[in-house]
Amino acid sequence: MSTTKFSADEPALDRFYADLAEADLQPLWTQHGLLTPEPVPRTLPYRWRAAELKALGERAGALVPVDRGGDRRVLACANPGLGGAPYVSSTLWAAVQYLGPHEVAPAHRHTPAALRFVLEGEGVWTLVDGDPIAMSAGDLVLTPSWTFHEHHNPGDASMMWLDVLDLPVVHALEAVFFEIGPSATADRRTDAVSESERRFGSGPGLRPTLLDGPLPDHSPLLAYRWADTDRGLRSALEVSKTGAAELRYTDPVRGRDVLPTMRCEITRVAEGAATDSSRQTGSRVLTVLHGRGRIEIGDRLFDVEPGDIAVVPSWSPWRIHADRELDVFTTSDAPVLEALGLFRRSS
Ligand code: GTQ
Ligand code: FE2
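Throughout, a residue's number is its position along its own chain's written sequence, starting from 1. Naming scheme: in the order in which they are written, chains are lettered from A and ligands are numbered from 1. It should be noted that, the model being predicted, local features are given only for residues of pLDDT at least 70 and side-chain atom pairs only at 80 or more, the latter also being counted only at that level, while totals for whole chains, interfaces and linings use all residues. To obtain the side-chain values, all non-hydrogen atoms of the structure were used and water was disregarded.

**Student:** Sorry if this is basic, but what is going on with helix α2 (residues 50-63) here?
**Tutor:** Because an α-helix packs 3.6 residues into every turn, residues spaced three or four apart end up facing the same way. Numbering of helices and strands starts at the N terminus; helices are DSSP runs of H or I of at least 4 residues and strands are runs of E of at least 2. A helix is expected to span 1.5 Å for every residue after the first. Helix length check: α2 (14 residues) gives 20 Å between terminal C-alpha atoms against 20 Å at 1.5 Å per residue, within 8%. Those residues of α2 that fall on the buried side of the exposure criterion are Ala-50, Leu-53, Gly-57 and Ala-60. Projected down its long axis, α2 carries its buried residues within an arc of 90°, all on one side. Along α2, the residues that are exposed and aim more than 90 degrees away from the buried face are Ala-51, Glu-52, Arg-59, Ala-62 and Leu-63. Here the buried face of α2 lies against β1 (46-48), β2 (74-76), β3 (93-99), β10 (159-165) and β18 (309-312). For every residue, the accessible area obtained with a 1.4 Å probe (protein chains only) is divided by the maximum for its type, and the residue is called buried under 20%, exposed over 50%, and partly exposed between those limits. The reported arc concerns the directions from the helix axis to the C-beta atoms and nothing else. Any pair of residues with heavy atoms lying within 4.5 Å of one another is described as a contacting pair.

Right under this line is the structure:
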């Protein structure tokens, strides 16, 4: 700083700074790191390994009953740059959730929106505002803001999946509400296809002509099935000239992001190919569904395999290299930045 000294020799100035502090005021000219030439994220590039997540998730299953602590057995990725906060980035929560055989995570709702991406297994069904949604590997399931949700595992095998929430954003806005709800008593797992899919999942380019009532501010389709995603990726990769194909999950009626605060995308990279490096404002969490490769984030290079979770900080360039055909699911906060006129992207 080019200004004068802030203490010492001048008693009048010293007294002034003491009086400012006493009055709970701070001069702008003593602040650092507020108006930086470009984003300086506290979030660090990082990767959590599948083997470790799985082993620790299973230990949680053996040691901690599901009803202890919010009725969810969840291990949150804590970014080492965030001073111990349970957040994967400054704006996103990412966690693995473990549900043992015959366990139920009972109903509740909250203003932070959530999504689940299933990495392995099947058999759990989630009830979202009364609509039963089956969960299998590769599926994306939405539990939008303020919808009641509960998870049921009627099978004999445990299941783990990735949760992503906009919790840090809603917390920063001091708009968190939470309440417990009444859980289902009937077994609804036989409803193989949710009402949301029957109404809004008719197929590519098809939507109902008549809507009985206003649409919610999130996608009315609450489940995106792996068979559809896989088919889309396969044909997109066939016509791609780069060896990579990226698809965005969208609201089938309005074509926009699935949630007001979160954007979901999936990238398939052919064996031996790589994506172009790019960066954007806002952070992104990613997980590997299939394949093997390396993900470059800022100045770090992480080798990855299925079930790994990694995070891309704001404005950090990143790219994917596939050593074996690689499917990478990502969630970002891009809709928030776009809504506020803060979204920037460059290659
Ligand atoms: O499954 O309802 O990872 O409420 C964090 C908060 C999952 C859930 C999380 C939650 C849930
Ligand atoms: Fe929840």
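**Student:** Would you mind going over the site of ligand 1 with me for this structure?
**Tutor:** By nearness alone, every residue bordering ligand 1 is listed as Arg-72, Val-74, Trp-93, Ala-95, Gln-97, His-108, His-110, Arg-116, His-149, His-151, Asp-163 and Leu-165. A distance of 3.0 Å is found between an oxygen atom of ligand 1 and a side-chain nitrogen or oxygen belonging to Gln-97. Within the contact set of ligand 1, an oxygen atom lies 3.0 Å away from a side-chain nitrogen or oxygen of Arg-116. The Shrake-Rupley method, run with a 1.4 Å probe, gives the accessible areas here. Residue values count only the displayed protein chains as cover. Computed on the free molecule, ligand 1 has an accessible area of 290 Å², of which 90% lies beneath the protein chains in the complex. Those elements that provide at least two residues to the shell around ligand 1 are β3, β4 (104-110), β9 (149-152) and β10. The leading source of residues in the shell around ligand 1 is β3, at 3 residues. Looking at the shell around ligand 1, its residues break down into 4 nonpolar, 5 polar and 3 charged. One heavy atom suffices: a residue is near a molecule or strand as soon as one of its heavy atoms comes within 4 Å of it. In protein, a polar contact requires one atom able to donate a hydrogen and another able to accept it; more generally it is a pair of N or O atoms within 3.5 Å, and residues adjacent in sequence count only if both atoms are side-chain atoms. For this classification, Asp, Glu, Lys and Arg are treated as charged, while Ala, Val, Leu, Ile, Met, Phe, Trp, Tyr, Cys and Pro are nonpolar and the rest, including Gly, are polar.

**Student:** Any chance you could explain the nonpolar core here in plain terms?
**Tutor:** Generally speaking, soluble globular proteins have nonpolar side chains that are buried together. We define a nonpolar core as any set of buried Ala, Val, Leu, Ile, Met, Phe, Trp, Tyr and Cys residues linked to one another through side-chain atoms lying within 4.5 Å. Residues Leu-115, Phe-117, Leu-140 and Tyr-249 are the most contacted members of the largest nonpolar core, which totals 47 residues. With 5 residues, the top contributor of residues to this core is β10. The next biggest cluster of nonpolar side chains, apart from the first, holds 16 residues, and it includes Val-304, Ala-310, Val-312 and Trp-318.

**Student:** In this structure, what is going on with the pairing of strand β14 (residues 263-269)? I would like to understand it.
**Tutor:** For a regular strand, side-chain orientation follows a simple rule: the groups alternate between the two sheet faces. Of all 7 residues making up β14, 7 are buried, and the element is well covered by its neighbours. In β14, alternate side chains face the same way, and those of Arg-263, Glu-265, Thr-267 and Val-269 on one face and Cys-264, Ile-266 and Arg-268 on the other are all buried. Here, a strand pair is defined by DSSP locating no fewer than two bridges between the strands. Here strand β13 (residues 244-248) pairs with β14 via 5 bridges, running antiparallel. Counted as the bridge partner of Glu-246 is Thr-267 from β14.

**Student:** Would you explain the coordination of the iron ion (ligand 2) in this entry?
**Tutor:** Four donors placed tetrahedrally about a metal ideally form angles of 109.5 degrees, and six donors placed octahedrally ideally form angles of 90 or 180 degrees. Within the protein, His-108 (NE2), His-110 (NE2) and His-149 (NE2) serve as the donor atoms for the iron ion (ligand 2), at 2.1 Å. Distances define the donors: N, O and S atoms within 2.8 Å of the metal qualify, as do those within 3.2 Å of Na, K or Ca. Water is excluded, so some sites may look unfinished. Read N to C, the donor residues that coordinate the iron ion (ligand 2) are spaced as H-x1-H-x38-H. The buried category is assigned to His-110, whose relative accessible area is 10%.

**Student:** What am I meant to see in the environment of Leu-56 here?
**Tutor:** Inspection of the secondary structure puts Leu-56 in helix α2. Separated by 19 residues in sequence, Leu-56 and Leu-75 place their C-alpha atoms 8.4 Å apart.

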